[in-house]
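Listed below, chain by chain, are the residues.
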Amino acid sequence: MRHVVSADGTEIAVYELGDASGPAVLLLHGFASSTQRNWIDAGWDRALAEAGFRGIGMDLRGHGDSGNPAGEDAYDVTRFFEDVDAVIRSLNLAPDSWLGCLGYSMGSRLAYRFAGANPDVFSALVLGGLPASDPFEGIDREMAVDALAGRVEATGPTAFVVQLATIFPEANPQVLLDVVFGVSRAPFRPGENPPAVPMLLMSGDKDDRADDTESIVAVAPDARFAPIPGRNHLNAITSRKFKGGAFEFFAEHLR
């Protein structure tokens, strides 16, 4: 693991996974997770190596071994864009290199937005657990703060955010709330500037957090959808069907 310094001075943790000689794929994990939790623990390191791909995992700011700047201003979507830029620049890829991106949940939303705004960076996207609606929109700030303090029991979508913010002992729940309210300043709208590159969308057929993923195909220029059988939002990441579908797609579009 190494660190890359982003535009505002935040250190972003970067991990090399898989086959170092293969086509490169940037890995963007989900909310409250990390490269370790989302990709390594779920078996993607070995799967990348077996499929012949180089994985570059980055811990999103506020997560894992990356920096945790204070305040929601530090978690505006543009800050995450700067982090992705910094990590990609650090790879020193040749101008004609093929670069893929694999995202999950919040990481999928980031990849989708970044690729739409930067059409010449990625050659293909595989996005898992991507809802067409924005799961951070409508989160009750007061309820979330009080729930973390043990004063109330959160309900509705706020309950799911609080659950995720407290699910791993190494996470900082207060920082993760800053992430939620920083990112939610720019709600996710898949019809606004969708990526033009080939894109595979996958979500669990029992995922009630991303049960509208397939609808994104209608607004994206070059997208297809495949379900992940028997999986929900929290366990789809370990699915062999997910891994197999991702690598088959990347093999088709990267070299």
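Residues numbered from 1 in each chain as written. Predicted model: local features only at pLDDT ≥ 70, side-chain atom pairs only at ≥ 80, totals over all residues. Heavy atoms only, no water.

The name that an unreviewed UniProt entry assigns to the protein is Alpha/beta hydrolase, with the source organism given as Candidatus Agrococcus pullicola.

Peer 1: I'm lost on the side chain of serine 203 in this one. Help?
Peer 2: Take serine 203: it is sitting in strand β7 (residues 199-204). Looking at serine 203, its side chain comes within polar contact range of the side chain of threonine 213, at 3.4 Å. Beyond its immediate sequence surroundings of up to four residues, serine 203 is in contact with Gly129, Ala210, Thr213, Phe225, Ala226, Pro227 and Ile228. (Helix = DSSP H or I, 4+ residues; strand = E, 2+ residues; numbered from the N terminus. Polar contact = N/O pair within 3.5 Å; in protein donor to acceptor, adjacent residues only side chain to side chain. Contact = heavy atoms within 4.5 Å.)

Peer 1: Help me out: how do you make sense of the pairing of strand β3 (residues 24-28) in this one?
Peer 2: The two faces of a sheet get side chains in turn, since along a regular strand they alternate between them. Among the five residues in β3, five count as buried, and that is most of the element. Residues Ala24, Leu26 and Leu28 of β3 are buried on one face, and the alternating residues Val25 and Leu27, pointing to the opposite face, are buried as well. Pairing geometry for β3 and strand β4 (residues 54-58), over five bridges, is parallel. By the bridge assignment for β4, alanine 24 is matched with arginine 54. In terms of strand pairing, β3 meets strand β5 (residues 99-104) through five bridges, oriented parallel. In the sheet register, leucine 27 faces β5, and the bridge partner there is leucine 102. (Buried < 20%, exposed > 50% of the residue type's maximum accessible area, 1.4 Å probe, protein only. Pairing = 2+ DSSP bridges.)

Peer 1: Before we go on, may I ask you to explain the pattern of salt bridges in this structure?
Peer 2: As a working rule, side chains carrying opposite charge can pair if their charged atoms are close by. Within the structure shown, the criterion is met by 13 salt bridges. Taking the shortest distance from any N to any O, the salt bridge between glutamate 72 and arginine 141 comes out at 2.9 Å. Of this pair, glutamate 72 sits in the loop between β4 and α3 (77-90) while arginine 141 sits in helix α5 (residues 141-148); the two residues are 69 residues apart in sequence, bridging distant segments of the chain. Residue glutamate 72 is classed as buried on the basis of its relative accessible area of 18%. A salt bridge links glutamate 137 to arginine 189; its shortest N-O distance comes to 2.9 Å. Residue glutamate 137 is found in the loop between β6 (124-128) and α5, and its partner arginine 189 is found in the loop between α7 (173-183) and β7; the two are separated by 52 residues along the sequence. Glutamate 137 gets classed as partly exposed once you look at its relative accessible area, which sits at 40%. A relative accessible area of 34% places arginine 189 in the partly exposed class. Put simply, Glu72, Asp73, Arg141 and Arg185 are held in one network by salt bridges that share partners. (Salt bridge = Lys/Arg side-chain N within 4 Å of Asp/Glu carboxyl O.)

Peer 1: It is not clear to me how the sheet that holds strand β8 (residues 223-228) should be interpreted in this structure. Could you clarify?
Peer 2: Reading across the sheet, the eight strands line up as β1-β2-β4-β3-β5-β6-β7-β8 and stay open at both edges, with mixed pairing between neighbours. Either end of the sheet is taken by a strand with one partner, and the two such strands are β1 (2-5) and β8. Looking at each pair of strands side by side, their axes are set apart by 25° on average, direction ignored. Contacting β1, β2 (11-18), β3, β4 and β5, α3 crosses the sheet at an angle of about 120° to β1. (Axes fitted to C-alpha atoms, helices over the stretch in contact; angles between N-to-C directions.)

Peer 1: What should I look at first to understand unusual backbone geometry in this one?
Peer 2: The backbone of asparagine 92 shows a phi angle near 55°, a positive value even though the residue is not glycine. Take asparagine 92: its relative accessible area is 67%, and that puts it in the exposed class. Its identity as a non-glycine residue notwithstanding, asparagine 193 has a phi of 55°, on the positive side. Inspection of the secondary structure puts asparagine 193 in the loop between α7 and β7.

Peer 1: Would you take a moment to explain α5 for this structure?
Peer 2: Along an α-helix, a turn takes 3.6 residues, which lines up residues three or four apart on a common side. Every buried residue belonging to α5 is among Ala144, Asp146 and Ala147, and all of these are buried. Structurally, α5 contributes buried residues whose contacts are with α6 (156-165) and α7. For α5, the N-terminal cap is aspartate 140; the gap from its side-chain oxygen to the backbone nitrogen of glutamate 142 is 3.1 Å. Of the residues trailing α5, glycine 150 is marked for its positive phi of about 80°.

Peer 1: Explain the side chain of serine 33 here, please?
Peer 2: Mapping serine 33 onto the fold places it in the loop between β3 and α1 (35-40). A polar atom in the side chain of serine 33 sits 3.4 Å from the backbone nitrogen of asparagine 38. Not counting residues within four places of it along the chain, the set of residues in contact with serine 33 comprises Asn38, His63, Gly64 and Phe168.

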